[in-house]
Amino acid sequence: MSGIKTLGQFIIEKQADFSYAKGELSRLLRDIGIAAKIVNREVNKAGLVDILGDAGTMNIQGEGQKKLDIYANTQFISALTSGGECCIVATEEEDDFVRIESPVSKNAKYIVCIDPLDGSSNIDVNVAVGTIFSIFRRKSTEGTATLADVLQKGTEQVAAGYVIYGSSTMLVYTTGKGVNGFTLDPSIGEFCLSHPDMKIPQDGSIYSINEGNYVHFPEGVKKYIKYAQVHDAASNRPYTSRYIGSMVADIHRNLIKGGIYIYPTTASSPNGKLRLLYECNPMAFIVEQAGGRASDGFNRILEIEPNELHQRASIFIGSEKMVRMAEGMMAAEYVEKIATIQSA
Ligand code: P6P
């Protein structure tokens with residue numbers, strides 16, 4: 001395997017970057033990689049085995065769960081349990097956090113927040129889906145970890161990553177020292193370094209948003225969409241609209257090509273749709289580490305104080321110049337609202 005660097009080799013090599021590291025985080029990332037390979041196998045067989053379609057259950061969000069949602073959730077919890085480095089898993093598919101209690105997890109010090117299979121509405125139509133994970137070190141030092149160990153700001157993450165099950169399967173992660181991408185080579189069953197030191201272009205010409213919700217968008221978002229559609233060759237406009245319906249796939253494309261992904265407040269999601277702990281925070285950590293920007297339109301995502309497990313947030317994430325432009329239009333709307341109130 002000359003010239004190939006596997007995920008495992010890379011993790012061990014980078015472990016030296018952390019003086020405190022005794023291998024626990026390395027083993028935790030290994031465990032996630034193992035579960036991702038198992039989920040990938042089922043995603044790739046979907047359609048051939050009875051893994052498509054609805055599970056007939058709802059998650060706490062009131063969303064219908066797909067069979068593959070449940071399968072992926074089970075695989076990641078199982079891998080994290082047998083790996084012994086994780087004491088709590090907070091997952092989109094469980095109402096409450098899952099405390100990992102096994103003889104090997106007795107001194108586990110990591111918390112994993114995860115969306116086991118994001119974009120699962122796309123599974124039945126063979127469109128890319130993904131896994132998103134966020135890793136914290138528990139803050140409590142005695143007894144068993146509690147909800148307070150889970151509800152940490154995004155700035156406290158020690159690692160974050162996603163897996164995209166697309167034309168190829170990739171695992172992209174950061175531990176706060178840049179972003180690296182690994183492509184699964186099925187012939188050897190290993191994730192191999194394929195995208196070292198990923199950097200998002202500072203500007204771009206792709207915008208990703210579900211324009212079907214246009215009438216319910218904040219005025220600042222409406223203004224940004226109209227700005228994106230103006231013909232102005234000097235600024236590469238009109239931009240291209242690309243919306244896959246899988247956050248992982250849309251953000252992965254924007255990470256490579258440049259672009260902005262926006263999920264603002266809408267009538268059906270007055271606090272935004274995406275979940276702070278296991279969607280917004282990890283993707284914000286990754287994009288910031290790649291040189292991009294992520295906010296809720298006003299505040300840095302990573303600085304938002306979580307109050308509950310499945311807390312939602314608006315998200316504007318991607319190329320720094322594009323996010324700043326959209327934030328400027330959100331701020332202008334806010335200033336206009338204040339002026340209107342004051343002049344009333
Ligand atoms: P809508 C998938 O359910 C998800 O959480 C993201 O992956 C995706 O970008 C978004 O929701 C799609 O939501 O309301 O546009 O269908």
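The structure we're discussing is the one just above.
Below or above, wherever it landed, is the structure these notes cover. In this text, all values refer to a predicted model and were calculated from it rather than measured experimentally. Per chain, residues are indexed from 1 in the order of the written sequence. Confidence filtering applies because this is a predicted model: local features only for residues at pLDDT of at least 70, side-chain atom pairs given and counted only at 80 or more, and all residues used for totals across whole chains, interfaces and linings. Water and hydrogen atoms were dropped before computing side-chain values, which therefore reflect all heavy atoms in the structure.

A few points about the pattern of salt bridges
Using the following cut-off: Salt-bridge detection follows one rule: a side-chain nitrogen of Lys or Arg within 4 Å of a carboxyl oxygen of Asp or Glu. Only DSSP runs of H or I covering at least 4 residues are called helices, and only runs of E covering at least 2 are called strands; the numbering of each starts at the N terminus. Buried residues are those whose accessible area, probed at 1.4 Å on protein chains only, stays under 20% of the maximum for their type, while exposed residues exceed 50% and partly exposed ones sit between those limits.
Per the counting criterion, the structure on display carries 22 salt bridges. The salt bridge involving Lys45 is made with Glu42; its shortest N-O contact spans 3.3 Å. One end of the pair, Lys45, and the other, Glu42, are both in helix α2 (residues 24-45), three residues apart, so they sit about a helical turn from each other. For Lys45, a relative accessible area of 32% corresponds to the partly exposed category. Exposure remark for Glu42: the relative accessible area of 9% places this residue in the buried category. Arg253 is paired through a salt bridge with Asp250; the nearest N and O atoms lie 3.1 Å apart. Taken together, the residues span about one helical turn, with Arg253 and Asp250 both in helix α6 (residues 247-257) at a distance of three residues.

As for the packing of helix α5 (residues 219-229) against helix α8 (residues 320-343)
When two helices pack together, you describe them by how their axes are tilted relative to each other and by the distance separating the axes. Definition in use: Here an angle of 0 to 180 degrees is reported between the N-to-C directions of two axes, which are lines fitted to C-alpha atoms, with helices fitted over the stretch in contact. What sets the label is the angle itself: under 35 degrees gives roughly parallel, over 145 gives roughly antiparallel, 65 to 115 gives roughly perpendicular, and the rest give oblique. For any helix crossing, the convention is left-handed if the near helix is rotated counterclockwise from the far helix by under a right angle, and right-handed if that rotation is clockwise. Contacts were defined at the residue level, with two residues in contact if any of their heavy atoms lie within 4.5 Å.
Interhelical geometry of α5 versus α8 gives an angle of 135 degrees and a closest axis separation of 8 Å. Here α5 lies oblique to α8, going by the angle between them. Our pair here, α5 against α8, has a crossing hand that is right-handed. Across the interface between the two elements, Glu219, Gly220, Val221, Lys223, Tyr224 and Tyr227 from α5 touch Met322, Met325, Ala326, Met329, Met330, Glu333 and Glu336 from α8.

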